[in-house]
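Spelled out, the chains give:
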Amino acid sequence: MPEIEKALMEKLDSMVKRQLYTTFKTAPTEEEREKARQEYLDKCGMHKDFRW
């Protein structure tokens, strides 16, 4: 049972990251794009020093 829960959580996390990435690429304003980009990088675990 724990492996099923883990797999479902990974799937959910993957879906959230994909949605943030899509928003980053398609948002109508620069502010919304940047906000989605930062959230996406946070979710991926990208350290702030490695961001552009």
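These figures come from a predicted structure and were not determined experimentally. (Residues numbered from 1 in each chain as written. Predicted model: local features only at pLDDT ≥ 70, side-chain atom pairs only at ≥ 80, totals over all residues. Heavy atoms only, no water.)

**Q** Give a detailed account of the pattern of salt bridges, specifying residues and quantitative values.
**A** Scanning the entire structure with this criterion turns up six salt bridges. In this structure, the salt-bridge partner of Glu30 is Arg33, at a minimum N-O distance of 3.0 Å. With a gap of three residues between them, Glu30 and Arg33 both fall in helix H2 (residues 30–44), about one helical turn apart. The exposure class assigned to Glu30 is exposed, which follows from its relative accessible area of 52%. Under the relative-accessibility criterion, Arg33 is labelled partly exposed at 24%. Put simply, Glu34 and Arg37 hold a salt bridge, and the shortest N to O gap is 3.0 Å. One end of the pair, Glu34, and the other, Arg37, are both in helix H2, three residues apart, so they sit about a helical turn from each other. (Salt bridge = Lys/Arg side-chain N within 4 Å of Asp/Glu carboxyl O. Helix = DSSP H or I, 4+ residues; strand = E, 2+ residues; numbered from the N terminus. Buried < 20%, exposed > 50% of the residue type's maximum accessible area, 1.4 Å probe, protein only.)

**Q** How would you sum up the environment of Lys43? Please name residues and give values.
**A** Mapped onto the elements, Lys43 comes out in helix H2. Separated by 33 residues in sequence, Lys43 and Glu10 have C-alpha atoms that sit 12 Å apart. Contacts of Lys43, omitting those with residues within four sequence positions, involve Asp13, Val16, Lys17 and Leu20. (Contact = heavy atoms within 4.5 Å.)

**Q** Please set out the side chain of Arg37 residue by residue, giving values where relevant.
**A** Residue Arg37 is classed as buried on the basis of its relative accessible area, which comes to 6%. At 3.0 Å, the side chain of Arg37 and the side chain of Glu34 are in polar contact. (Polar contact = N/O pair within 3.5 Å; in protein donor to acceptor, adjacent residues only side chain to side chain.)

**Q** Before we move on, can you summarise H2 with the specific residues and values?
**A** Spanning 15 residues, H2 covers 21 Å between terminal C-alpha atoms, matching the ideal 21 Å at 1.5 Å per step. When we look at burial in H2, the residues that qualify are Ala36, Arg37 and Leu41. One side of H2 holds all its buried residues, which, seen down the axis, span an arc of 135°. Away from its buried face by more than 90 degrees, H2 exposes Glu31 and Lys35. In the core, the buried residues of H2 are packed alongside helix H1 (2–26). Just beyond H2, the residue with positive phi is Gly45, at close to 85°. (Expected span 1.5 Å × (residues − 1). Arc of directions from axis to C-beta.)

Coordinates in, geometry out; function isn't part of it.
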